[in-house]
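Single-letter residue listing:
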Amino acid sequence: MRIVLSLILLSLAVVMDIRSRKISNRLILTGLTIGFLIQTAEFGWKGAGVFLINVSIPIILCYLLFLMRALGAGDIKLFSVVGSIWNVKILFATIIASFLTAAFLSLCKLLYHGNLISRLCVFGKYVRQAAAAGRLLRYPAGPQEKQYTIHFSISILIGYLIALEVAY
């Protein structure tokens, strides 16, 4: 049942992300509620602690990426939904597989549009500026054209499917 519920939630998130570039907080709250009910049904009131830990992990791990604007809040909340429904093993496998998938999809997109070198130059400039400033800076926002963005929710869905194969 967890597999089906997770697939439905993640698939709906992908559709929302593609259509509006946002993931509804209603969907996130629905997923978190389902996760809370699953954890408390499985572990009793100790499940509430499991739920809180699993929901917090993605926020802690991905917060710097959010500050840099490299990852959206909806994507982090989507990881929290996966954590709320599943255990830490599936959560970490999903996070790792999602980032690897996103890297692969981004590379393919950069190669397709022929802007790999220019985007690497932007990244190099960012690293130099952050090093000179001695602190984390916001990553420079590029044009909001399709060639410069990916829908990370797609990578999360694919990462989740990979995680099921690897860790379940």
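All values derive from a computational prediction rather than experimental measurement.

Further remarks concern the packing of helix 3 (residues 46-67) against helix 5 (residues 88-113). Where helix 3 contacts helix 5, the two axes come as close as 10 Å, and the packing angle between them is 25 degrees. Here helix 5 runs roughly parallel to helix 3, going by the angle between their axes. The handedness of the crossing between helix 3 and helix 5 is right-handed. Side by side, helix 3 and helix 5 meet where N54, I57, P58, L61, C62 and L65 of the first sit next to V88, L91, F92, I95 and F99 of the second. Grouping the constituent residues of the contact of helix 3 with helix 5 by class yields 10 nonpolar, one polar and no charged.

If you walk through the whole model with that rule in mind, you get six aromatic pairs. Aromatic pair Y63 and F66: ring centres 6.4 Å apart, planes at 35 degrees, arrangement tilted. With Y63 and F66 both in helix 3 and three residues apart, this pair spans about one turn of that helix. Judged by relative accessible area, F66 falls into the partly exposed class, the value being 35%. Plain terms: the ring middles of F79 and F152 are 6.0 Å apart, the flat faces sit at 75 degrees to each other, and that makes the pair edge-to-face. In this pair, F79 sits in helix 4 (residues 73-85) while F152 sits in helix 7 (residues 152-167), placing the two residues 73 residues apart along the sequence. We classify F79 as buried; its relative accessible area is 0%. Three or more aromatic residues joined by ring pairs form one cluster here, namely F79, F99 and F152. The ring of W86 is capped by R2, whose NZ or CZ atom sits 5.7 Å from the centre of that ring.

Thresholds, definitions, all that
Residues numbered from 1 in each chain as written. Predicted model: local features only at pLDDT ≥ 70, side-chain atom pairs only at ≥ 80, totals over all residues. Heavy atoms only, no water. Axes fitted to C-alpha atoms, helices over the stretch in contact; angles between N-to-C directions. Helix = DSSP H or I, 4+ residues; strand = E, 2+ residues; numbered from the N terminus. Parallel < 35°, antiparallel > 145°, perpendicular 65-115°, else oblique. Left-handed = near helix turned anticlockwise from the far one by under 90°. Contact = heavy atoms within 4.5 Å. Nonpolar A, V, L, I, M, F, W, Y, C, P; charged D, E, K, R; others polar. Phe/Tyr/Trp six-rings, centres within 6.5 Å; stacked < 30°, edge-to-face > 60°. Buried < 20%, exposed > 50% of the residue type's maximum accessible area, 1.4 Å probe, protein only. Lys NZ or Arg CZ within 6 Å of the ring centre and 35° of its normal.

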